[in-house]
Amino acid sequence: MEIGVYTFADIAPGTPAAQRLRDLVEEIRLADEVGLDVFGVGEHHRPDYAASAPAVVLAAGAAVSKRIRLTSAVTVLSSDDPVRVFQQYATLDGLSGGRAEIMAGRGSFTESFPLFGYQLEDYDELFTERLDLLLHIREQERITWSGRLRAPLQNAGVFPRPIQNPLPIWIAVGGTPQSVVRAAVNGLPLALAIIGGEPAKFAPLFDLYRRAGREMNVETALLRTGLNMHGFVAEDSQEARDTFFPGYAEVMTRIGSERGWPPLTRAQFDHSCGPRGHLLVGTVEEVAEKIVALHGIFQNDRFLIQMGLGSLPHDRMLRAIELLGTKVAPLVRRATQSKLPAA
């Protein structure tokens, strides 16, 4: 199983966006150095996040890394142009020596729609149409294509071409069955974000994905799955919770206030860190054990953990990445290969 980290490049109060971006490149370098498999950067267009152009950040990361795979997490495809998305990640693929990926999603915020001149009511149709175009571009360098929400292309060439053929494209979902089926029908890997609730309750989505793929005669090897979840690793369990909680609570409460959710309490947080909760916060052994338990439920091929939420200090993030790569990942790999307990 591949293990990695992803981030939205949260900006802590008082930290300039430029500093957060430089810190992020250092995190990519370290993640590569300690043996993690994947680093993802998400796209947001808000003042509390620094990465509105993930491909640029990942390109900087490519220059300081050697083997780690570099992916968007996610590319908000509904409000972006597939031609430019493909060109950016094909360029990243060349710069990184064939390590680029696209994780395409519909996005959890809406700021990008008016920013780039799209109508929010076209939310789903935009994604469906743009995914179709992106996949056509991936298949051949000259394409003829037409849709309702974008100007048609007539024998248009899209360059450069990536080293990888095909360039990996994952579909990221938050729990919508229609999105799960769409990924399966297109033979695309599926990344499921679980940011609340009991993770085991999401397992039927992977069952639906695999069943839909079989019904469409999609090769089993193409139906890869990943989990994206929140967490943090430290030497001591209480230290991990105390370090991670302030920034996590601030982010979830701030976003929740925009959506009508009540503020997050410490009791709710601690409960979510428990065996059945959605947070992977604790010691090396605790986090490894939980990842292995989730793998037993989901049989996923990849696990990405978002640790740098809110005001988490950069030095604590670096230490968490180090522990994840040097301690957690080996335990998980050994356990999932041998089917023995993680610790």
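Residues numbered from 1 in each chain as written. Predicted model: local features only at pLDDT ≥ 70, side-chain atom pairs only at ≥ 80, totals over all residues. Heavy atoms only, no water.

Draft legend 1. Structural view of the overall build of the chain. Each helix and strand counted, the chain has 11 helices and 12 strands in total. Since a compact globule built from 343 residues should have a radius of gyration of about 20 Å, the 19 Å found for the chain is in line with a globular shape. Overall, the C-alpha framework of the chain stretches about 60 × 45 × 40 Å when taken along its three principal axes. The 343 residues of the chain split such that 56% are buried. Pairs at least 24 residues apart make up 72% of the contacts formed inside the chain by residues separated by at least 6 positions. (Helix = DSSP H or I, 4+ residues; strand = E, 2+ residues; numbered from the N terminus. Rg over C-alpha atoms; globule rule 2.2 N^0.38 Å. Buried < 20%, exposed > 50% of the residue type's maximum accessible area, 1.4 Å probe, protein only. Contact = heavy atoms within 4.5 Å.)

Draft legend 2. Up close: the pattern of salt bridges. By the definition in use, this model includes 24 salt bridges. A salt bridge links Arg241 to Asp270; its shortest N-O distance comes to 3.5 Å. Highlighted residues: Arg241 in helix H8 (residues 237-259) and Asp270 in helix H9 (residues 266-272), separated in sequence by 29 residues. For Asp270, a relative accessible area of 26% puts it in the partly exposed group. A network of salt bridges, in which partner residues are shared, links Arg46, Asp48, Glu111, Glu250, Arg254 and Glu258. (Salt bridge = Lys/Arg side-chain N within 4 Å of Asp/Glu carboxyl O.)

Draft legend 3. Main features of the environment of Arg333. Locating Arg333 in the fold gives a position in helix H11 (residues 314-338). Linking Arg333 and Pro16, residues 317 residues apart in sequence, is a C-alpha distance of 37 Å. If near-sequence neighbours (up to four positions away) are discounted, Arg333 is found in contact with Met1, Ile3, Gly35, Leu36 and Asp37. A polar side-chain atom of Arg333 sits 3.2 Å from the main-chain carbonyl oxygen of Gly35. (Polar contact = N/O pair within 3.5 Å; in protein donor to acceptor, adjacent residues only side chain to side chain.)

Draft legend 4. How the structure looks around a negative patch on the surface. Side chains of Asp236, Glu285, Glu286 and Glu289 sit close together on the surface and give a patch of like negative charge. You can see Glu285 is positioned in helix H10 (residues 284-298). Looking at Glu285, the relative accessible area reads 42%, which means it is partly exposed. (Patch = residues over 30% accessible without salt bridge, like charges linked within 9 Å, V, L, I, M, F, W, Y side chains within 5 Å. Areas by Shrake-Rupley, 256 points an atom, 1.4 Å probe, with all protein chains shown as cover. Lys, Arg positive; Asp, Glu negative; His and termini not counted. Charge placed at Lys NZ, Arg CZ, Asp CG, Glu CD.)

Draft legend 5. Just the layout of surface pockets, in detail. Considered as a void within the structure, the largest pocket measures approximately 780 Å³ in volume. Residue lining of the largest pocket: 37 residues in total, with Phe8, Gly107, Ser108, Ala193 and Ile195 positioned closest to the centre. At the level of secondary structure, the elements contributing two or more residues to the lining of the largest pocket comprise strand E5 (100-105), helix H5 (123-139), strand E8 (169-173), helix H6 (177-185), strand E9 (190-194), strand E10 (225-233) and H8. For the lining of the largest pocket, the leading source of residues is H8, giving four residues. A class-by-class count of the residues in the lining of the largest pocket yields 22 nonpolar, 10 polar and five charged. Computed from the structure, the second largest pocket encloses a volume of approximately 330 Å³. Together, 21 residues line the second largest pocket, and Gly274, Pro275, Arg276, Lys290 and Ala293 are the ones closest to its centre. Contributing elements (two or more residues each) for the lining of the second largest pocket: H8, strand E11 (279-282) and H10. For the lining of the second largest pocket, the element with the highest residue contribution is H10, accounting for seven residues. Taken together, the residues that form the lining of the second largest pocket break down as 11 nonpolar, four polar and six charged. (1 Å grid on protein atoms, 1.4 Å probe; cavity = no way out; pocket = protein on both sides within 12 Å on 5 of 7 lines; lining within 4 Å. Points joined across faces, edges and corners; volume = space filled by probe spheres on them. Nonpolar A, V, L, I, M, F, W, Y, C, P; charged D, E, K, R; others polar.)

Draft legend 6. Quick peek at the pairing of strand E2 (residues 38-41). Of the two faces of E2, the one holding Val38 and Gly40 and the one holding Phe39 and Val41 are both buried throughout. Considered for its hand, the β-α-β crossover made up of strand E1 (residues 2-7), helix H1 (residues 17-33) and E2 is right-handed. Running through helix H2 (residues 54-63), the crossover from E2 to the neighbouring parallel element strand E3 (residues 69-72) is right-handed. (Right-handed = clockwise from strand over helix to strand, strands pointing away.)

Draft legend 7. Inspection of the environment of Asp207 at higher detail. With respect to the helices, strands and loops of the structure, Asp207 is situated in helix H7 (residues 203-215). By relative accessible area, which is 43% here, Asp207 ends up partly exposed. Sequence separation of Asp207 and Phe298 is 91 residues, and the distance between their C-alpha atoms is 8.7 Å.

Draft legend 8. Spatial organisation of the packing of aromatic side chains. Following the criterion strictly, the structure yields 10 aromatic pairs and no others. Judged by centre distance (6.0 Å) and plane angle (90°), the ring pair of Phe8 and Tyr49 falls under edge-to-face. Residue Phe8 is found in the loop between E1 and H1, and its partner Tyr49 is found in the loop between E2 and H2; the two are separated by 41 residues along the sequence. With a centroid separation of 5.8 Å and an interplanar angle of 50°, the aromatic rings of Tyr248 and Phe269 are classed as tilted. With Tyr248 in helix H8 and Phe269 in helix H9, this residue pair connects regions lying 21 residues apart in the sequence. Neither residue differs from the other here; Tyr248 and Phe269 are each classed as buried. (Phe/Tyr/Trp six-rings, centres within 6.5 Å; stacked < 30°, edge-to-face > 60°.)

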